[in-house]
Amino acid sequence: LANRIAGWFVGVLLLLAAVVAWYWWQAGSGTWLSITISLLVVSCPCALSLAAPTAITAASVALMRRGIAVTTHEAIENLARATHFIFDKTGTLTFGKLQLIDVECLAEVKRQDCIHLAAAIEKHSEHPVAPAITGLAEGTVMTASEVINTPGQGITGIIANKRYFLGTADYIFTNTTLVSRYAGNNNVTSESSSSAFLADEKNILCRFVFSDQIRPSARALVAALNANGAHTLMLSGDHADIVRHIAGQLGIKEAFSGLPPDGKLSILKDLHAAGAFTAVIGDGINDAPILAAAHVSIAMGKGADIARISADMILLNDKLDMLQDGIRIARKSLTIIRQNMVWAIVYNLLVVPAAAAGLLAPWMAAIGMSLSSLVVVGNAASIVKS
């Protein structure tokens, strides 16, 4: 907007300078040239053009000092305007460092054999369950081929000419002919733990039980957002009991569970259709579509590569509470931009007529123009100190 205004301003100013020069020359004034020079010098389209980029640059510096890297030019403005903050669960609101707390064998197979089979498949996954399983595999890990990963649901691969499936209960029973009492509920062990199943095409071999911890910084961020009137949501692929428990612990207003990536995207589109301005915070491969579609997206620094590539901002230190400062700085930058634009417009409305009337000498015009730009830059610099 500032650049468009400045473009028109320059054209109008040149036309006005020609008219002023002709007027004073026709009036027989020997100072027509100095008046014209004063008019051209005192006007300051650069103040208009500097109004936004100086503030955005200062805000980017202030955010980087707090561990928030800005990757797109519109991110700061969009963060300031966000009304709905949407969180992934695992790896975002929780640490994402799942711990394997139990392995329950459900067929005639040894516990360590289950771990080795699962580890061979999980070597090809970036899901948080992967290191929890592969870290327990002792000795040489088997090799899996023809691995197919379904983000948010499960993974399958062939080991020793036999296909195995690892994932949620619904994933197992959707991709095999197996039927079990676990179908439809994913066998949540408790409100703070979740399960994954290992199966071949004939039997469910075992159940892995994992636990995760909520980030302390998540509590502070959600509390601050709620206090400021923002709408907080959680979109997760996990079971309803776990999602409901985490949402209750954090005070998140709305929570959706059992969502594949396209399910999350569908909810986001519904929010956009309802007029919401969305900010999405996530970390995994299954978050990439919703991160790319949000008005502004924030990826965790230790998240998946595709999540960081899809995001407008990256939390380099994974401290969610730093986002509070990020929102405050983004909103202040918009205020500074408006102040700078108002200043630039008011300044030009005052000095251009004065110069045209012959009230300003060229040296006065030079000082006025310089001071106008310095005011804009100095005002923007206050963001860095905030």
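Below is a short write-up of the structure. (Residues numbered from 1 in each chain as written. Predicted model: local features only at pLDDT ≥ 70, side-chain atom pairs only at ≥ 80, totals over all residues. Heavy atoms only, no water.)

**Some points on the overall build of the protein**
Consideration 1: On a plain count of helices and strands, the protein comes out with 15 helices and 13 strands.
Consideration 2: Its C-alpha radius of gyration of 30 Å places the protein more than 25% over the 21 Å reference for a compact globule of 386 residues.
Consideration 3: Principal-axis analysis of the C-alpha atoms gives the protein an extent of 110 × 40 × 35 Å.
Consideration 4: In the protein, buried positions account for 50% of the 386 residues.
Consideration 5: Partitioning the contacts of the protein with sequence separation of at least 6, the portion at a separation of at least 24 is 63%.
Consideration 6: Total accessible area on the protein stands at roughly 17,800 Å², and carbon and sulfur atoms take up 59% of it.
Consideration 7: Here the protein holds 28 positive side-chain charges and 28 negative ones, and the gap between their average locations is 9 Å. (Helix = DSSP H or I, 4+ residues; strand = E, 2+ residues; numbered from the N terminus. Rg over C-alpha atoms; globule rule 2.2 N^0.38 Å. Buried < 20%, exposed > 50% of the residue type's maximum accessible area, 1.4 Å probe, protein only. Contact = heavy atoms within 4.5 Å. Areas by Shrake-Rupley, 256 points an atom, 1.4 Å probe, with all protein chains shown as cover. Lys, Arg positive; Asp, Glu negative; His and termini not counted. Charge placed at Lys NZ, Arg CZ, Asp CG, Glu CD.)

**Focus on the environment of T94**
Consideration 1: Inspection of the secondary structure puts T94 in the loop between α5 (89-93) and β3 (99-105).
Consideration 2: When the C-alpha atoms of T94 and T177 are compared, they prove to be 34 Å apart, with 83 residues separating the residues in sequence.
Consideration 3: Apart from residues lying up to four places away in sequence, T94 is in contact with K89, D212, Q213, I214, R215 and I246.
Consideration 4: In this structure the side chain of T94 is engaged in a polar contact, spanning 3.2 Å, whose partner is the backbone nitrogen of G91.
Consideration 5: At 2.5 Å, the side chain of T94 and the side chain of D212 are in polar contact. (Polar contact = N/O pair within 3.5 Å; in protein donor to acceptor, adjacent residues only side chain to side chain.)

**Here's the deal with helix α2 (residues 32-42)**
Consideration 1: Among the residues making up α2, those that are buried are I35, T36, S38, L39 and V42. Considered in projection along α2, the buried side chains sweep an arc of 160 degrees and stay on one side of the axis. (Arc of directions from axis to C-beta.)

**Topic: the packing of helix α14 (residues 322-356) against helix α15 (residues 362-381)**
Consideration 1: With their axes 9 Å apart at the nearest point, α14 and α15 run at an angle of 170 degrees to one another. One element, α14, and the other, α15, form an angle in the roughly antiparallel class. Contact with α14, carried on its side by I336, Q339, N340, W343 and Y347, involves G368, M369, S372, V375, V376, N379 and A380 of α15 and no other residues of that element.
Consideration 2: A breakdown of the residues in the contact of α14 with α15 according to their chemical character gives seven nonpolar, five polar and no charged. (Axes fitted to C-alpha atoms, helices over the stretch in contact; angles between N-to-C directions. Parallel < 35°, antiparallel > 145°, perpendicular 65-115°, else oblique. Nonpolar A, V, L, I, M, F, W, Y, C, P; charged D, E, K, R; others polar.)

**Let's talk about the pairing of strand β9 (residues 231-235)**
Consideration 1: Most of β9 is tucked away, with four of its five residues classed as buried.
Consideration 2: By the bridge criterion, four bridges tie strand β2 (residues 84-87) to β9 in an arrangement that is parallel. Its bridge partner being in β9, F85 is matched across the sheet by T232.
Consideration 3: Inspection of the sheet shows β9 paired to strand β10 (residues 254-256) by three bridges, in the parallel sense. If you follow L233 over to β10, its bridge partner there is E254. (Pairing = 2+ DSSP bridges.)

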